[in-house]
Amino acid sequence: MPVHVKICGLCSARDVEAVAALKPDAMGFVFWKSSKRHVEPADVAAWVRHLPKDILKVGVFVDAPAVDVIRVTEMVGLDVVQLHSDEGPSVAARIPVRVWKVVYPGKTDLSRLGAYHVDAFLVDSYSATLPGGTGVTADWAAARKLVKSVKTPVVLAGGLTPENVREAIRQVEPWGVDVSSGVQLQPREKDMAKVKLFIERSRGV
């Protein structure tokens, strides 16, 4: 089964169009205002209006009230909501679209994961100041254990690049991979050559 590939942290109409042409499985947008990749829902709604239906639109939220998440989901037409902090199962249960829940090896209480009825868990590297997009490699051994211990699909994020993604997939065997800083020219601009290479190597091309 091909690995599901998500390109995250898109910040402009130009990048959305260029990345879409490379046909990832999903594209992510950060709605956390403290992020250097923060985008406004109204802008994203305009950028994705003509996005192919087979590319999932993923919204990244950090400790946002469920009512705000739902409002943005409806405004943008999101297919997936990514909860990227300590949101509880009750928040996830209220979201009307697919939900991916972040897991931080060494920080997240894995015994609580059974209470989450979500579509995927996303393993990321933890930072006290940034809930994601740190560019720091996640704990692949811990991610591998999670893949083997849960039936829910697992997405691997954290420090992935075109150079290491094949080895990450070999070691972890995740359902999907997620990249942001590993394919950028600068925080709000993607390097399309790197995006293309990342997608190809993730798919074994």
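Structure: see above.
Because the structure is predicted, anything quoted here is derived from the model rather than measured.

Chemist: What should I look at first to understand the pattern of salt bridges in this one?
Modeler: Pairing between side chains becomes possible if they bear opposite charge and their charged atoms approach one another. If you walk through the whole model with that rule in mind, you get 10 salt bridges. Here Glu87 and Lys101 are joined by a salt bridge, their closest N and O atoms 3.9 Å apart. Of this pair, Glu87 sits in the loop between β4 (80-83) and α4 (89-94) while Lys101 sits in strand β5 (residues 98-103), and the two are 14 residues apart along the sequence. Summarising the burial analysis for this pair, Glu87 and Lys101 share the class buried. Among the salt bridges present, the one from Arg170 reaches Glu167, with a minimum N-O distance of 2.5 Å. With Arg170 and Glu167 both in helix α6 (residues 165-172), this residue pair falls three residues apart, about one helical turn. A single salt-bridge network, built from bridges that share partners, covers Arg144, Lys148 and Glu173.

Chemist: Help me understand the packing of helix α5 (residues 140-149) against α6, please; the structure alone is not making it clear to me.
Modeler: Interaxial distance between α5 and α6 falls to 9 Å at its minimum, and their mutual angle equals 45 degrees. Here α5 lies oblique to α6, going by the angle between them. Here α5 contributes Trp140, Ala143, Arg144 and Val147 to the contact with α6, which in turn contributes Glu167, Ala168, Gln171 and Val172. Here the contact of α5 with α6 is built from residues that sort into five nonpolar, one polar and two charged.

Chemist: Would you take a moment to explain α5 for this structure?
Modeler: Each α-helix turn comprises 3.6 residues. Residues three or four places apart therefore point the same way. Those residues of α5 not exposed but buried are Trp140, Ala143, Leu146 and Val147. Within α5, the buried residues cover an arc of 115 degrees as seen down the axis, which keeps them to one side. For α5, exposure combined with an orientation more than 90 degrees from the buried face picks out Lys145, Lys148 and Ser149. Contacts from the buried residues of α5 go to β5, β6 (120-123), β7 (154-156) and α6. The backbone nitrogen of Ala141 lies 3.1 Å from a side-chain oxygen of the residue at the head of α5, namely Asp139.

Chemist: I keep staring at the nonpolar core and nothing clicks. Help me out?
Modeler: Side chains that are nonpolar tend, in soluble globular proteins, to be buried together. By size, the foremost hydrophobic cluster in this structure holds 53 residues, and its most contacted members are Ile7, Met27, Phe29, Phe31, Leu156, Val177 and Phe198. Here this core gets five residues from one element, more than from any other, and that element is helix α3 (residues 66-76). Apart from the residues lying within four places of it in its own chain, the contact partners of Phe31 are His38, Val39, Glu40, Pro41, Val44, Gly59, Val60, Phe61, Val72, Val76 and Leu78. Among the nonpolar cores identified, the runner-up in size contains 11 residues, and Ala26, Val58, Val102 and Tyr104 belong to it.

Chemist: How do you make sense of the sheet that holds β7 when you look at a structure like this?
Modeler: Paired through backbone hydrogen bonds, the strands of a sheet run either parallel or antiparallel to each other. Spatial strand order, β1-β2-β3-β4-β5-β6-β7-β8: eight strands in a closed barrel with parallel pairing. The average angle at which neighbouring strand axes cross in this sheet is 25 degrees, direction not considered. Contacts from α5 reach β5, β6 and β7 within the one sheet, and its direction differs from that of β7 by about 165 degrees.

Reading guide: rules and limits
Residues numbered from 1 in each chain as written. Predicted model: local features only at pLDDT ≥ 70, side-chain atom pairs only at ≥ 80, totals over all residues. Heavy atoms only, no water. Salt bridge = Lys/Arg side-chain N within 4 Å of Asp/Glu carboxyl O. Helix = DSSP H or I, 4+ residues; strand = E, 2+ residues; numbered from the N terminus. Buried < 20%, exposed > 50% of the residue type's maximum accessible area, 1.4 Å probe, protein only. Axes fitted to C-alpha atoms, helices over the stretch in contact; angles between N-to-C directions. Parallel < 35°, antiparallel > 145°, perpendicular 65-115°, else oblique. Contact = heavy atoms within 4.5 Å. Nonpolar A, V, L, I, M, F, W, Y, C, P; charged D, E, K, R; others polar. Arc of directions from axis to C-beta. Polar contact = N/O pair within 3.5 Å; in protein donor to acceptor, adjacent residues only side chain to side chain. Core = buried A, V, L, I, M, F, W, Y, C linked by side-chain atoms within 4.5 Å. Pairing = 2+ DSSP bridges.

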